[in-house]
Each structure stands twice: as structure tokens, then as C-alpha cells.
Amino acid sequence: MPVEVTWWGHATCTIEDAGVRVLTDPLFVRRLAHLRRRRGELPPPQAAVADAVLVSHLHSDHLHLASLAKLAAGTRLVVPRGATRSVPGLGRLARTAGLHLTEVAPGDEVRVRELLVRAVPARHDGRRLPLGPHRSPALGFVVSGESHTYFAGDTGLFDEMADEVGPVDMALLPVGGWGPYLGHGHLDAGRAAQAVARLAPRAAVPVHYGTYWPIGMDGIRPHEFYAPGDEFARKAAQLAPKVTVHRLGHCERVGPEWTR
């Protein structure tokens, strides 16, 4: 059966392929530091049910310890190499919660039952901010089973992207952020459309927008919060008309129908 994808908000997705559930960058809180969830209900408890969890980089909205604590014992947790040195609480959490922790770098592969997960490069500052050392790479992941699904994590556009990622059927691409300005190492809607044109998947889902926003900044450049998904779909239709874009709402799923 082809892959099914559920978008829970921000960069948190469930990829279901060959009967295996993979969760990306889980963030299950209403508030994180100066950010609050402005749109979409919190993911239900079943969102934390997964055979494996992929963490793309060490920023606290992607590697969130309280959200990882919701995982069941025995869950495989795949994180960037060096993560346990940069985030000491991660190793403690893995031990107390009974998680099977695996650190990877670009090119490494991890077998999760019928799936093969391959870490690929991302162009992003992946350290634990605000003062963490540059010990861990930011990653994307390609999840291969009956389909090939690319989860980009956070990344900028780079020349080798298509070669590093390889052929994929589905691409989960960040198209925005959690604030009114995107810095270096991010995809906005236009750059994400360029990425999808290079990758040439059969389908794409825009993520990492329209969920969290800084407290007190609701009226500042609100289109940067609401518009990226539609803008990505419009620009992708121009640059990659053969790619089907599924603009999901929070907690919505795209299933086998995407292959039609």
C-alpha cells in the first residue's frame, strides 16, 4: 500500500508505510518558550504512537524532550550524531523511558522493520541554540518501504539536494517558520517550490508553517503565518506542474488516493 502521511502541525508528521509508523520531530505542546500554538488542536495521544521517531536537528522546536517523553518504551529514536553530548537530558530520557537511541550522520542507514531510513544532508544551523557548539549536523531523512518519502527537516536550498536525496515519491517540505522573518538555512514557499521542481516527486506536502507564532506578534506580517501553504501550492504548480501538492490541515491525512 502506498505511503500515508498525517500532518500534526509544525514539522511533526506521521509516515505510515508497509505497516510501519515513523514520526518526525514531535512537538506536542501548546506553548514553547516565546511561541504559542495559534492554529490547530494539539495532536491526540495516538500521534505519539510510532515504531521510530526521526529528529532532524537539535533546535528545541524539533528536539523537544517533553514531547519525546510521551513515546512508548521500545520506540526507536533516531537523532543527529553528537546529540546526546549537546543535549545531556536526551540520554537520560532515553534510558528512563526505555527508548532505543541511534545517532546518525548523512549517509547512515537504519532499518526499522520493513523500512530503511537514510539520513541525508540539510543546510541549516543544527546546533542546540542559543549557545550550543556545532557538534551535530542538521539532517533530512528518506524513508523507504513501498514508497520513498523525503522529510526535509529544516533546510535551505542547495545545489546537491536532488543528488543527495535521490528519487522520491513523496516530499514533506518546510515552507515557512514560526516568526515573521526566515533567516539563512530555511525554505520559504518560493524556494520550496524550486526544491520540489528539482526533486520531482509524485506528490508533496507543505509543513512547518501556520502552527506556532511568537506571543504578542499576531498582527505582525500575519500573511507569513497563514499564506505559505497556498503560496507553495501556487508556485509549485508553475515550476513543477506534474507534482501533486496536498495542502493538509492540522491532523489531516493524505492516503493512497495521492497515487491516482
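What counts, and at which threshold
- Residues numbered from 1 in each chain as written.
- Predicted model: local features only at pLDDT ≥ 70, side-chain atom pairs only at ≥ 80, totals over all residues.
- Heavy atoms only, no water.
- Helix = DSSP H or I, 4+ residues; strand = E, 2+ residues; numbered from the N terminus.
- Rg over C-alpha atoms; globule rule 2.2 N^0.38 Å.
- Buried < 20%, exposed > 50% of the residue type's maximum accessible area, 1.4 Å probe, protein only.
- Contact = heavy atoms within 4.5 Å.
- Lys, Arg positive; Asp, Glu negative; His and termini not counted.
- Charge placed at Lys NZ, Arg CZ, Asp CG, Glu CD.
- Expected span 1.5 Å × (residues − 1).
- Arc of directions from axis to C-beta.
- Pairing = 2+ DSSP bridges.
- Axes fitted to C-alpha atoms, helices over the stretch in contact; angles between N-to-C directions.
- Core = buried A, V, L, I, M, F, W, Y, C linked by side-chain atoms within 4.5 Å.
- Salt bridge = Lys/Arg side-chain N within 4 Å of Asp/Glu carboxyl O.

**So, the overall build of the chain**
- When helices and strands are counted, the chain shows seven helices and 17 strands.
- For 260 residues, the compact-globule estimate of 2.2 N^0.38 gives 18 Å, and the chain sits close to it at 17 Å.
- With respect to the principal axes defined by its C-alpha atoms, the chain has extents near 50 × 45 × 35 Å.
- Counting across all 260 residues of the chain, residues that qualify as buried make up 55%.
- In the chain, of all internal contacts separated by at least 6 residues, the share reaching a separation of at least 24 is 68%.
- If you average the places of the 30 positive and of the 26 negative side-chain charges in the chain, the two averages end up 5 Å apart.

**Description of helix 7 (residues 228–239)**
- If you check helix 7, its first and last C-alpha atoms are 16 Å apart, about what twelve residues at 1.5 Å a residue would give, namely 16 Å.
- Among all positions of helix 7, only P228, G229, F232 and A236 are buried. End-on, the buried residues of helix 7 take up no more than an arc of 95°, which puts them together on one face.
- Against the buried residues of helix 7 lie strand 13 (170–174), helix 5 (189–199), strand 14 (203–207), helix 6 (223–226) and strand 16 (244–245).

**Remarks on the environment of P228**
- Mapping P228 onto the fold places it in helix 7.
- On the accessibility criterion, P228 (4% relative accessible area) is buried.
- Along the backbone, P228 and S60 are 168 residues apart, and their C-alpha atoms lie at a distance of 22 Å.
- Ignoring anything within four residues of it in the chain, the contact list for P228 reads V175, G176, A189, Y209 and H223.

**Some thoughts on the pairing of strand 2 (residues 12–17)**
- The buried fraction of strand 2 amounts to five of the six residues, a majority that puts the element mostly inside the structure.
- When strand 1 (residues 4–9) meets strand 2, the two strands line up antiparallel, connected through five bridges. In the strand pairing of strand 2, W7 is matched with C13.
- Relative to strand 3 (residues 20–24), strand 2 runs antiparallel, the two being bridged by five bridges. Paired with T14 across the two strands is L23, which belongs to strand 3.
- Here strand 2 folds back onto strand 3, and the loop between the two strands holds two residues, one of which, A18, carries a positive phi near 55°.

**Here we look at the sheet that holds strand 2**
- The mixed open sheet is built from seven strands, whose spatial order is 8-7-6-3-2-1-17. Of all the strands in the sheet, just strand 8 (100–104) and strand 17 (252–254) have a single pairing partner and so form its edges. Direction aside, the axes of adjacent strands within the sheet are offset by 20° on average.
- For strand 1 and strand 17, the ladder comprises three bridges, and the chain directions are antiparallel. Bridging across to strand 17, T6 finds its partner in R253.

**As for the nonpolar core**
- Formed by 52 residues in total, the largest nonpolar core has its most connected members in F141, Y150, L173 and F232.
- Looking at this core element by element, the count peaks at six residues for helix 5.
- Contacts of L173, omitting those with residues within four sequence positions, involve Y150, A152, A192, A195, V196, L199, V205, P206, V207 and F232.
- Counting residues in hydrophobic clusters, the runner-up holds 21 residues, among them A47, A48, L68 and A97.

**Things to note about the pattern of salt bridges**
- Under the defined criterion, the tally for this structure stands at 13 salt bridges.
- Note that D108 and R81 form a salt bridge whose closest N and O atoms lie 2.7 Å from each other. Taken together, the positions of D108 in the loop between strand 8 and strand 9 (109–112) and R81 in the loop between strand 7 (76–80) and helix 2 (83–86) put the pair 27 residues apart, joining distant regions of the chain.
- Note that R247 is salt-bridged to D230, the shortest N-O span being 2.6 Å. With R247 in the loop between strand 16 and strand 17 and D230 in helix 7, the pair connects residues that are 17 residues apart, well separated along the chain.
- Through salt bridges with shared partners, a single network forms among R36, R38 and D218.

On their own, these measurements won't tell you what the molecule is for.
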